[in-house]
Amino acid sequence: MKTFYLTLFLFIILVGLIVGNAVFVLQTANVLKDKVTALPDLSEAEAALGELEAFWQKRRVPLSLSVPAGALLLFDTALTGMRSTMESGNAADYELYRDEALLAIRGLARLERFSAENLL
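Residues numbered from 1 in each chain as written. Predicted model: local features only at pLDDT ≥ 70, side-chain atom pairs only at ≥ 80, totals over all residues. Heavy atoms only, no water.

Novice: Would you explain the packing of aromatic side chains in this entry?
Specialist: Aromatic rings considered in pairs are described by the distance between their centres and by the relative angle of their planes. Under the criterion given, the structure shown has two aromatic pairs. Here Trp 56 and Phe 75 contribute two aromatic rings whose centre-to-centre distance is 4.5 Å and whose plane-to-plane angle is 55 degrees, an arrangement assigned as tilted. Of the two residues, Trp 56 sits in helix 2 (residues 46-64) while Phe 75 sits in helix 3 (residues 69-88), which places them 19 residues apart along the sequence. With respect to burial, Trp 56 and Phe 75 carry one shared label: buried. Over the face of the ring belonging to Phe 55 we find Lys 35, whose NZ or CZ atom lies 5.6 Å from the ring centre. (Phe/Tyr/Trp six-rings, centres within 6.5 Å; stacked < 30°, edge-to-face > 60°. Helix = DSSP H or I, 4+ residues; strand = E, 2+ residues; numbered from the N terminus. Buried < 20%, exposed > 50% of the residue type's maximum accessible area, 1.4 Å probe, protein only. Lys NZ or Arg CZ within 6 Å of the ring centre and 35° of its normal.)

Below, the structure is given as structure tokens:
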């Protein structure tokens, strides 16, 4: 009977960790989406983009434990693109990279959502 209780306890801990990870990823994706959506126009984006990059650097390593590397790389590419187009002053490409960042954020959270596709 001790083995059953130990197994049940470990199972509950495992389920808790899985749920905690899903909440962490989805919460991070929501904050990233809010920050990217709230980015100002190109001429005023320096400080907001710096905050976004700082937030991303804090969350990138923990996210890499459960999110595919390709999804992280896609957001890194979009963030780098926004930074370089801001420095060069290209407003059209800045908006393009901002849209790419929003697409990458959807990819970050895609596998953590509860859906029939993820269950299969």
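Picking up after the structure, the text goes on.
Novice: So what exactly am I meant to see when it comes to the nonpolar core here?
Specialist: In a soluble, globular protein the nonpolar side chains are often hidden away together inside. In this structure, Leu 32, Leu 52, Trp 56, Phe 75 and Met 82 are the most contacted members of the largest nonpolar core, which totals 26 residues. Mapped by element, the contributors of at least two residues to this core are helix 1 (2-37), helix 2, helix 3 and helix 4 (91-110). For this core, the element with the most residues is helix 3, which contributes seven residues. Leave out the neighbours within four places in its chain, and Met 82 touches Leu 39, Leu 49, Leu 52, Tyr 94, Tyr 97, Arg 98 and Ala 101. (Core = buried A, V, L, I, M, F, W, Y, C linked by side-chain atoms within 4.5 Å. Contact = heavy atoms within 4.5 Å.)

Novice: Can you walk me through the environment of Ala 91 in this structure?
Specialist: Assignment of secondary structure puts Ala 91 in helix 4. Sequence-wise, Ala 91 and Gly 81 are ten residues apart; in three dimensions their C-alpha atoms are separated by 11 Å.

Novice: Help me out: how do you make sense of the confidence of the model for the chain in this one?
Specialist: Close inspection of predicted coordinates is inappropriate in any region flagged by low pLDDT. Per-chain confidence: the chain averages 90 in pLDDT, with 94% of residues scoring 70 or above. When pLDDT is averaged over each helix and strand of the chain, the minimum, 57, is found for helix 5 (residues 116-119) and the maximum, 94, for helix 1. (pLDDT = per-residue confidence, 0-100.)

Novice: In this structure, what is going on with the packing of helix 1 against helix 2? I would like to understand it.
Specialist: The angle between the axes and the distance between the axes are what describe a pair of packed helices. Orientation of helix 1 relative to helix 2, taken along the N-to-C sense of each, is 160 degrees, at an axis distance of 11 Å. It follows that helix 1 is roughly antiparallel to helix 2 by the angle criterion. Crossing hand, helix 1 versus helix 2: left-handed. In this structure, helix 1 uses Phe 24, Val 25, Gln 27, Thr 28, Val 31, Leu 32, Lys 35 and Val 36 to contact helix 2, whose residues at the interface are Glu 51, Leu 52, Phe 55, Trp 56, Arg 59, Pro 62 and Leu 63. Counted by class, the contact of helix 1 with helix 2 contains ten nonpolar, two polar and three charged residues. (Axes fitted to C-alpha atoms, helices over the stretch in contact; angles between N-to-C directions. Parallel < 35°, antiparallel > 145°, perpendicular 65-115°, else oblique. Left-handed = near helix turned anticlockwise from the far one by under 90°. Nonpolar A, V, L, I, M, F, W, Y, C, P; charged D, E, K, R; others polar.)

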